[in-house]
Structures are given as structure tokens and as C-alpha cells.
Amino acid sequence: MSETDATGDSSLAELLRARLGRAHPVAAAATVARGETRVAALGTGLDSRYEIGSISKGVTGLLYVDSVERGEVSPATRVGELLHLGDSPAARATLADLSTHTSGLPRLAMAHVWRKSWNLTRHGKNPYGESLEALLAAAREAKVKPSPRVSYSNLGFELLGHALAAVAGVSYPALVRDRIASPLGLTSWAVPASAEELGAVDIQGRSARGRAMEPWTGEDLAPAGGIRSTVGDMARFASALLDGTAPGVAALDPVTEMSRGMRVGAAWITLEANGRQVTWHNGGTGGFRTWMGLDREAGTAAVMLSATAASVDRPGFALLQDLSSEI
């Protein structure tokens, strides 16, 4: 990595280089502190767009709370009232259950899941890419194991996002655009249904060993992991969460015990780290890892985006701690 491959804020770029080292040759970071935003990138430009993975669930959580506040749905609304799930066990899950991972739905409900997992591992193939109808068909066959405990479910958030879009009479990408991206000025945000929708700004993701990975696109995936963004727009998103201007911001407030020391709101996780309350979510796709955290009391936020599938959670927490300790 050369000294000339960094763009944006030079001090943040050096910190990003020190935190991530050679494991993440293409990466970006953003910080928000004292109302000021800094962004930096290594190995690419600031206009590069990343897969943000499961941070997309946090967006869907905001849309859920916003839909409740609009009076379109209630926490007790059952997903089968909004999507064609017949009399399947999945149909009986409430939107509140889906938003807190307490529906009992499995993590995944993809047809041919073992073959797709094999193709991902061996050949870097996208395991998603199904239509909404195919997703609903798989959900109708899903086995539900009701439990008061949190059980992380991509399927649950896929259904939640598409249910909210259905009641609004639009697609999930249109719902994200109309209610989150456009109001907040997040012009780079995109929710591609196929690789054909990608452009020159959409960078290549790689495995932790450097293999090029297919992009993760698909109508099915969208609400659980299909959003793409630049680092600058992730900073703007973080700012809107901190100042309360993001729609549905109460999604950040924890309502359910997730595990010892962690609670969950509508997707967003809260825990204590080094004496500070941190609200966060991470993301992982075939070729990307991401992390976003907020210290709401201090009014600080940090974002880490990497086009390599090696975790950025630890450096993300460390960066946020550094910011909060300076306040």
C-alpha cells in the first residue's frame, strides 16, 4: 500500500491504515464528532460504492418504526396479512417479532441452500438473487421454532422489508429511496436486483484470501443485506441518526434482551463498551465487511467499510471509542 493511495481526510486515512493494515487494501472510514464529519479511503476514491451488508437491516428497522408511526402497520400486524404466505407458520410472525429477531424463523430459507453455500465457498458465487415470489415460496416452507430468545434471521428481515413495501404499495428499493435516501440526501444509495444494475462506482469485493467475489444482489436479499453506499453517504446517514432527523430513529432504542450485555431495538444492537453505550450494526457479504457504531450520548459515530471479507468490527469499536473519549 503506497502513501499516495489515500483520499479524503489525511489524518483519518493514516488512522484507517494503522487500524486495518494490509488485510484491507480497499477500505474507507467516516467519523462524526462535534457535528463535524471526516471521510477517508484507501485504495479507491471517495465516490466508490460498497455493499453495506446487514447494516441494511438497520435501514429496514427504521422503515418499520416509520411505518408504525405513519399508522400503516402496528407491531402486532402479522406478516401474513401483508405478504402471500398462506397459512404457513411464517405467516403468523408479527412485525415486532421480525424486527427483533424473535420470530423463530430460521436464519436462511433459500432453495438449494447447500448447493448455493458450496458455490459461494468454492467459486465466490452470489447465494441470493431470487425473486420476491421465490422468497415467499421458500418462506412458506420454512420451519418456525417459536422462542422468546433472539435468533438472528436474514429471512425474517427479508420478509419484514418486503411487507412494509407491500403495505406502502411500492417495491423495497422505492421505499428506501422515498423514505430514507431522498429525504436525507443519500444520493449514492442503491438496492440492485441484479449485477446488470451495477455501475463503474460499484467496486469489486474480495474474499479474505483475495479471491474476486460475485456481487450480492437480488430482490430477495434487499431488506436484509442489499443496500450499497459510498462512505460519504454513510457519514450523512450516521449524522441523521445522531441528530434524530432520520425517519423511524426510535428503531435504535433497545427493547429486547439479545444476550448477556446486549439488547436489540428494531435491528440495532446496544451494548456497553469500555463504559460507553454503543448502538451498532455490522455487515458481511461475500466480498465486503462493514461496521457502523454510534455513541448517542457523546454525539459521535464511526463507520468502517471494506471491500475484503475480513472483519472490521474491532477497529470500528476502537475508532468510536477514540472519538468518544475526546469529547
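Residues numbered from 1 in each chain as written. Predicted model: local features only at pLDDT ≥ 70, side-chain atom pairs only at ≥ 80, totals over all residues. Heavy atoms only, no water.

Chemist: Quick question: what am I supposed to make of the packing of helix H2 (residues 55–69) against helix H7 (residues 172–184) here?
Modeler: In a packed pair of helices, the relevant descriptors are the angle between the two axes and the axis-to-axis distance. At a closest axis distance of 11 Å, the pairing of H2 and H7 adopts a crossing angle of 70°. Viewed along their axes, H2 and H7 adopt a mutual orientation that is roughly perpendicular. Across from Ser-56, Val-59, Thr-60, Leu-62, Leu-63, Asp-66 and Ser-67 in H2, the residues of H7 making contact are Tyr-172, Leu-175, Val-176, Arg-179 and Ile-180. Here the residues of the contact of H2 with H7 sort into 7 nonpolar, 3 polar and 2 charged. (Axes fitted to C-alpha atoms, helices over the stretch in contact; angles between N-to-C directions. Helix = DSSP H or I, 4+ residues; strand = E, 2+ residues; numbered from the N terminus. Parallel < 35°, antiparallel > 145°, perpendicular 65-115°, else oblique. Contact = heavy atoms within 4.5 Å. Nonpolar A, V, L, I, M, F, W, Y, C, P; charged D, E, K, R; others polar.)

Chemist: How should I be thinking about helix H6 (residues 154–168) in this particular structure?
Modeler: Think of an α-helix as 3.6 residues a turn; residues three or four steps apart then line up on the same face. Taking 1.5 Å per residue, 15 residues should reach 21 Å; H6 reaches 22 Å between its end C-alpha atoms and fits that length. Of all 15 residues making up H6, 12 are buried, and the element is well covered by its neighbours. Listing the buried residues of H6 in full gives Asn-154, Leu-155, Gly-156, Phe-157, Glu-158, Leu-159, Leu-160, Gly-161, His-162, Ala-163, Leu-164 and Ala-165. Against the buried residues of H6 lie H2, helix H3 (95–99), helix H5 (132–140), H7 and helix H8 (222–225). Capping the start of H6 is the job of one residue whose side-chain oxygen sits 3.4 Å from the backbone nitrogen of Leu-155: Ser-153. Phi turns positive one or two residues past the end of H6, at Gly-169, with a value near 75°. (Expected span 1.5 Å × (residues − 1). Buried < 20%, exposed > 50% of the residue type's maximum accessible area, 1.4 Å probe, protein only. Polar contact = N/O pair within 3.5 Å; in protein donor to acceptor, adjacent residues only side chain to side chain.)

Chemist: Explanation requested: unusual backbone geometry in the structure shown.
Modeler: Across residues other than glycine, the phi torsion is negative in most instances, and most of the peptide bonds are trans. Positive phi is not limited to glycine here, since Ala-267 has a value of about 85°. Positionally, Ala-267 belongs in the loop between strand E9 (262–264) and strand E10 (269–273). Of note in this structure, Asn-274 is not a glycine but carries a positive phi near 55°. Position of Asn-274 among the secondary structure elements: in the loop between E10 and strand E11 (276–284). Assessed through its relative accessible area of 60%, Asn-274 is described here as exposed.

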